[in-house]
Amino acid sequence: MRYALISDIHANLPALDAVLADIDGRPDVDAAYHLGDLVGYAPWPNEVVAKLREAGIPGVAGNYDSTVATDYKHCGCRYEDARQEQLSHLSYQWTRMHTFAETKAFLGGLPFRIDIRPLGGHVAGPTVTLLHGNQVLNTVYVYDDRPDSFLEKMASGVGARAGDILCFGHTHIPWHRTVGGTHFVNTGSVGRPKDGDWRAGYVLLDVSASEPHVRVELVRVDYDVELAATAILESELPNDFADYLRTGGKPAAAVNG
Ligand SMILES: [Fe+2]
């Protein structure tokens, strides 16, 4: 089975369009899932949600989705200084104001996690678990420098065994590690990468009964970043977010999310 895993689209419709076209061009992809954070930071929250619903792509709730859906007091995003805090607040307020009630209801209905059995539940075989942050909260950042002990604890919290695959997003930086036989896959971000590469990112995950049982490909796709940047500049969202997209998360003033 070959899966396309897309995460952290963050209301960036041109990036999502490019990724969906790339997936469509791969007839060997059996199914696509999203890993949350559909909204925030760019001006197409309703359009992104509508596009995923139209494409029939299921997925889990990111912190941005669940906080916008419940009108929580903040988006659960991390910030490192007063400027980042201000930008985070502006983005969150803009998104809450511009996300339709129907879109919020859909976001509120997203599951916290999804378990997939690529080889079927009738045989022992790997489980793929989709999360946004970790198994407890969708606001926890799981970076690739987390110690083995942290990832082992995550695996046992999920109920994962050797050969299982845990997939998540939230940090906007893609990576793949294996600890204790369990695969940890961060799918990166479609609409707001933070690794210095502005291109939209997603993951192709192959799970097979034969060797190699698990294969992970970190994919990057060109998209019309200027279209997204211009739309941000023309909206009431902070102009800083345009440069953030153009630089893959390395502008002079940054904000986490
Ligand atoms: Fe995110």
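Quick summary incoming for the structure in this document. (Residues numbered from 1 in each chain as written. Predicted model: local features only at pLDDT ≥ 70, side-chain atom pairs only at ≥ 80, totals over all residues. Heavy atoms only, no water.)

1. Remarks on the nonpolar core
Next up, step 1: Judged by nonpolar contacts, the single largest core of 49 residues is most densely connected at Ile6, Leu38 and Tyr202.
Next up, step 2: By residue number, the principal contributor to this core is helix H1 (residues 13–24), which donates seven residues.
Next up, step 3: Sequence-distant contacts of Tyr202, defined by excluding residues within four places in its chain, comprise Ala4, Leu5, Ile6, Val19, Asp22, Ile23, Arg26, Thr187, Glu217, Leu218, Val219 and Val221.
Next up, step 4: Listed in part, the 16 residues of the second largest apolar core include Leu5, Leu35, Ile116 and Val203. (Core = buried A, V, L, I, M, F, W, Y, C linked by side-chain atoms within 4.5 Å. Buried < 20%, exposed > 50% of the residue type's maximum accessible area, 1.4 Å probe, protein only. Helix = DSSP H or I, 4+ residues; strand = E, 2+ residues; numbered from the N terminus. Contact = heavy atoms within 4.5 Å.)

2. A short note on the pairing of strand S1 (residues 2–6)
Every regular strand shows the same layout, with side chains that alternate between the two sheet faces.
Next up, step 1: Counted residue by residue, S1 has five buried out of five residues, so it is predominantly covered.
Next up, step 2: Side chains Arg2, Ala4 and Ile6 of S1 all project onto a buried face; the interleaved residues Tyr3 and Leu5 project onto the opposite face, where all are buried too.
Next up, step 3: The pairing of S1 with strand S2 (residues 31–34) spans four bridges and is parallel. Considered in S2, the bridge of Tyr3 is made with Ala31.
Next up, step 4: Chirality of the crossover, the property in question, places the unit of S1, H1 and S2 among those that are right-handed. (Pairing = 2+ DSSP bridges. Right-handed = clockwise from strand over helix to strand, strands pointing away.)

3. Brief notes about the coordination of the iron ion
Next up, step 1: Donor atoms from the polypeptide that bind the iron ion are Asp8 (OD), His10 (NE2), Asp37 (OD) and His172 (NE2), placed at 2.1 to 2.3 Å.
Next up, step 2: Taken together, the four donor atoms coordinating the iron ion and their angles of 82 to 176 degrees define a geometry best described as irregular.
Next up, step 3: Written as a sequence motif, the donor residues of the iron ion are D-x1-H-x26-D-x134-H. In this pair, Asp8 sits in the loop between S1 and H1 while His172 sits in the loop between strand S5 (165–168) and strand S6 (175–179), placing the two residues 164 residues apart along the sequence. The exposure classification of Asp8 matches that of His172, with both residues buried. (Donors = N, O, S within 2.8 Å, 3.2 Å for Na, K, Ca; no water. Tetrahedral: all angles 85-135°; square planar, octahedral: opposite > 155°, others 65-115°.)

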